[in-house]
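Below are the chains, spelled out letter by letter.
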Amino acid sequence: KQEVTQIPAALSVPEGENLVLNCSFTDSAIYNLQWFRQDPGKGLTSLLLIQSSQREQTSGRLNASLDKSSGRSTLYIAASQPGDSATYLCAVKSNAGGTSYGKLTFGQGTILTVHP
Amino acid sequence: DVKVTQSSRYLVKRTGEKVFLECVQDMDHENMFWYRQDPGLGLRLIYFSYDVKMKEKGDIPEGYSVSREKKERFSLILESASTNQTSMYLCASSLRGFKQFFGPGTRLTVL
């Protein structure tokens, strides 16, 4: 059974710092990995998706990497801003026989606070 | 942009009531999902559907059923609501193998 762990559970940084959020998963047979952002009381917003054959994806100040063999992904946020404060969730899509029907397994999330 | 809408943001029901949660997406996505999110337990998949009239159980289907009569609409049904079904319910949709897009969520309270 796939298990996804995110470290740290919470992180508080001053504005302008670069930071790294970590995600690990137990079964390396994945289809893809997705990073989400969730603001309090709201739904999830997809940030980046990395297919199993890819090593990284970038969007603006965000960069996500994937090391499938070691079961790890990192989300790098450059020059953090107070508006980045949210919960960040990592989710792994299992490789259901090579199809895209595999379900997502979510980590518990990292609560990020960026203070001015 | 993909839009996923859910019928209610907040809902209060009584134990034993039948509850319908509706989800609609406007991007012709094949896949649709229902999750619940609880503190300390994270997001857990209840049911998903990869085509009209098709459904698959997720991790915690007990006490729930679903209906997908049209491609854009995926309904979650609580046949007889119980207090342990008080939660945040999130709907999502995706093209096969691509990003999942989430709705704003429905916070359901069962008294």
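Residues numbered from 1 in each chain as written. Chains lettered and ligands numbered in written order. Predicted model: local features only at pLDDT ≥ 70, side-chain atom pairs only at ≥ 80, totals over all residues. Heavy atoms only, no water.

**Student:** What is the right way to look at the overall build of chain A in this model?
**Tutor:** A count of helices and strands for chain A gives 0 helices and 11 strands. Shown N-terminal to C-terminal, the secondary structure of chain A runs as helices and strands in the order β-β-β-β-β-β-β-β-β-β-β. Relative to the globule expectation of 13 Å for 116 residues, the C-alpha radius of gyration of chain A, 14 Å, shows essentially globular dimensions. Its C-alpha atoms give chain A principal-axis dimensions of about 45 × 30 × 20 Å. When contacts within chain A are restricted to residue pairs at least 6 apart in sequence, those whose partners lie at least 24 apart make up 56%. Accessible surface computed for chain A: about 5300 Å², of which carbon and sulfur atoms make up 49%. Computed over 9 positive and 8 negative side-chain charges, the separation of the two mean positions in chain A equals 8 Å. (Helix = DSSP H or I, 4+ residues; strand = E, 2+ residues; numbered from the N terminus. Rg over C-alpha atoms; globule rule 2.2 N^0.38 Å. Contact = heavy atoms within 4.5 Å. Areas by Shrake-Rupley, 256 points an atom, 1.4 Å probe, with all protein chains shown as cover. Lys, Arg positive; Asp, Glu negative; His and termini not counted. Charge placed at Lys NZ, Arg CZ, Asp CG, Glu CD.)

**Student:** It is not clear to me how the state of the cysteines should be interpreted in this structure. Could you clarify?
**Tutor:** Here a disulfide denotes one covalent bond, and it connects the sulfur atoms of two cysteines. Using the criterion set out here, one finds 2 disulfides over all chains in the structure. Through a disulfide, cysteine 23 of chain A is tied to cysteine 90 of chain A; the S-S separation comes to 2.0 Å. Handedness here is read from the sign of the S-S torsion; for cysteine 23 of chain A and cysteine 90 of chain A, about -55°, the answer is left-handed. Here cysteine 90 of chain A lies in strand 9 (residues 86-94) and cysteine 23 of chain A lies in strand 3 (residues 19-25), a separation of 67 residues in the sequence. Residue cysteine 23 of chain A is classed as buried on the basis of its relative accessible area of 2%. For cysteine 23 of chain B, the disulfide goes to cysteine 91 of chain B, at an S-S distance of 1.8 Å. Linking cysteine 23 of chain B and cysteine 91 of chain B, the disulfide has an S-S dihedral of approximately -75° and is accordingly described as left-handed. With cysteine 23 of chain B in strand 3 (residues 19-25) and cysteine 91 of chain B in strand 9 (residues 87-94), the pair connects residues that are 68 residues apart, well separated along the chain. (Disulfide = S-S within 2.5 Å. Buried < 20%, exposed > 50% of the residue type's maximum accessible area, 1.4 Å probe, protein only.)

**Student:** Explain the nonpolar core to me, please; I cannot follow it from the model alone.
**Tutor:** One broad rule of soluble globular proteins: the nonpolar side chains tend to lie buried together. The biggest cluster of nonpolar side chains holds 23 residues, and the ones touching the most others in it are Phe25, Leu33, Trp35, Leu75, Ile77, Tyr88 and Leu112 of chain A. Of all the secondary-structure elements, those providing two or more residues to this core are strand 3, strand 4 (30-38), strand 5 (44-51), strand 7 (62-67), strand 8 (72-77), strand 9 and strand 11 (110-115) of chain A. Counting 20 residues, the second largest nonpolar core, distinct from the first, contains Leu21, Leu78, Ala81 and Tyr89 of chain B. (Core = buried A, V, L, I, M, F, W, Y, C linked by side-chain atoms within 4.5 Å.)

**Student:** I'm lost on the sheet that holds strand 1 (residues 4-7) of chain A in this one. Help?
**Tutor:** Hydrogen bonds along the backbone pair up the strands of a sheet, which may run parallel or antiparallel. Residues and elements named next belong to chain A. The strand order 1-3-8-7-6 describes an open sheet built from 5 strands, whose pairing is antiparallel. The strands lining the two open edges of the sheet, one partner per strand, are strand 1 and strand 6 (56-59). Taking each pair of neighbouring strands and ignoring which way they run, the sheet shows an average axis angle of 15°. Across 4 bridges, strand 1 lies against strand 3 in antiparallel orientation. Across the sheet, residue threonine 5 finds its bridge partner in strand 3, namely serine 24. (Pairing = 2+ DSSP bridges. Axes fitted to C-alpha atoms, helices over the stretch in contact; angles between N-to-C directions.)

**Student:** Sorry, what's going on with the sheet that holds strand 1 (residues 4-6) of chain B here?
**Tutor:** All names here are of chain B. The strand order 1-3-8-7 describes an open sheet built from 4 strands, whose pairing is antiparallel. Two strands close off the open sheet at either side, each with one partner strand: strand 1 and strand 7 (64-70). In this sheet, adjacent strand axes meet at a mean angle of 20° when their direction is disregarded.

**Student:** Looking at this model, I keep getting lost on the pattern of salt bridges. Mind explaining?
**Tutor:** Think of it this way: side chains of opposite charge can pair up when their charged atoms draw near. Under the counting rule described, the total for this entry stands at 8 salt bridges over all chains. Aspartate 84 of chain A is paired through a salt bridge with arginine 61 of chain A; the nearest N and O atoms lie 2.9 Å apart. Within this pair, whereas aspartate 84 of chain A is found in the loop between strand 8 and strand 9, its partner arginine 61 of chain A is found in the loop between strand 6 and strand 7, the two being separated by 23 residues in sequence. Under the relative-accessibility criterion, aspartate 84 of chain A is labelled buried at 8%. A relative accessible area of 30% places arginine 61 of chain A in the partly exposed class. Between glutamate 79 of chain B and lysine 18 of chain B there is a salt bridge whose closest N-O contact spans 3.5 Å. Here the residue glutamate 79 of chain B occupies a position in the loop between strand 8 (73-78) and strand 9, and lysine 18 of chain B occupies one in the loop between strand 2 (10-13) and strand 3, the gap between them amounting to 61 residues. Judged by its relative accessible area of 44%, lysine 18 of chain B falls in the partly exposed class. (Salt bridge = Lys/Arg side-chain N within 4 Å of Asp/Glu carboxyl O.)

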